[in-house]
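Report on the structure
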Amino acid sequence: MHVVVQEARIDPVAMTAQCHASAEPGQSGAFVTFAGTVRDFQGAAERNFVLSHYPGMTERVLERIAQSAESRWPLDSLTLVHRVGAMSVGECIVFIAVASPHRAAAFAACEFLIDTLKTEAPFWKKEGDEWVDANEADAMRSTRWLTDTP
Amino acid sequence: MRIELLYFASLADKLGCDRESLDWQGGTVADLKALLSTRGADTWAPLINANSTRCAINQQLAQDDSEIPSGAEVAFFPPVTGG
């Protein structure tokens, strides 16, 4: 399990290559990746985007979510890298990669990770002078992963 | 005993504060919110007590009835917007 919070830019292509390169040949039948990037909402290509966070709690929450994914699905590897600080339109905010023997688990785990971190990990986005509001759709999406088991 | 309070994002901006140290006689999150609310009926009270305001004790999400131990780090923050 590789979970990192960093200020440095994320190169999703290089990270994907790294995940494949470090895999045990023939072990995982399925690799699924997700890259979340900064969208250009209103033609504000030169606008500042800053992601602030709660150092300490951010890492703990991401690790807990990753451990939850590992206990729910058979994963051979899990990578979750989330950026903080200033970033520009088009840049990668978060990169997730999972590998599993079969694709159902890989797709589900990857989706679980991004859906869950969006409602639980203490990051806050600011565009220019305005804080972005949390949205109802994200909250609804994450509830589909709730189970009866704690 | 003392506790450390942290405020984040839009909540910190609106309160005009991002961290402080407080003398604490013991109690729950609800007790702390009541104490902070006395700082302003139009400012601190509605912001701290808002349904959307989250609280964490020692970096774990907490509820109104959670006990705040001595030396704890207590954080208040708005709904998260990462990913």
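Whatever comes next refers back to the structure up there.
Structural notes, computed from the coordinates.

Things to note about the pattern of salt bridges
Two side chains with opposite charge may pair up if their charged atoms get near one another. Under the counting rule described, the total for this entry stands at 12 salt bridges over all chains. A salt bridge links Asp115(A) to Arg141(A), with the shortest nitrogen-to-oxygen separation between them at 3.0 Å. Taken as a pair, Asp115(A) in helix α3 (residues 103-120) and Arg141(A) in helix α4 (residues 136-143) lie far apart in primary sequence, 26 residues in all. Judged by its relative accessible area of 6%, Asp115(A) falls in the buried class. Among the salt bridges present, the one from Asp23(B) reaches Arg2(B), with a minimum N-O distance of 3.2 Å. Placement of Asp23(B) in strand β2 (residues 19-23) and of Arg2(B) in strand β1 (residues 2-7) is noted, with a sequence separation of 21 residues between them. Exposure remark for Asp23(B): the relative accessible area of 47% places this residue in the partly exposed category. One connected set of salt bridges, linked through shared partners, spans Glu111(A), Asp115(A), Arg141(A) and Arg144(A).

What about the sheet that holds strand β6 (residues 92-100) of chain A?
All names here are of chain A. With respect to topology, 4 strands assemble into an open sheet ordered β1-β4-β6-β2, the strand pairing being mixed. A strand with exactly one partner marks an edge of an open sheet, and here the two such strands are β1 (2-6) and β2 (30-37). For this sheet, the mean angle separating the axes of adjacent strands, direction not counted, is 5°. Across the sheet, helix α1 (residues 12-21) is in contact with β2, β4 (77-83) and β6; its angle to β6 comes to roughly 20°. In the packing of helix α2 (residues 57-72) onto the sheet, contacts are made with β1 and β4, and the angle to β1 comes to roughly 155°.

Thresholds applied
Residues numbered from 1 in each chain as written. Chains lettered and ligands numbered in written order. Predicted model: local features only at pLDDT ≥ 70, side-chain atom pairs only at ≥ 80, totals over all residues. Heavy atoms only, no water. Salt bridge = Lys/Arg side-chain N within 4 Å of Asp/Glu carboxyl O. Helix = DSSP H or I, 4+ residues; strand = E, 2+ residues; numbered from the N terminus. Buried < 20%, exposed > 50% of the residue type's maximum accessible area, 1.4 Å probe, protein only. Pairing = 2+ DSSP bridges. Axes fitted to C-alpha atoms, helices over the stretch in contact; angles between N-to-C directions. Contact = heavy atoms within 4.5 Å.

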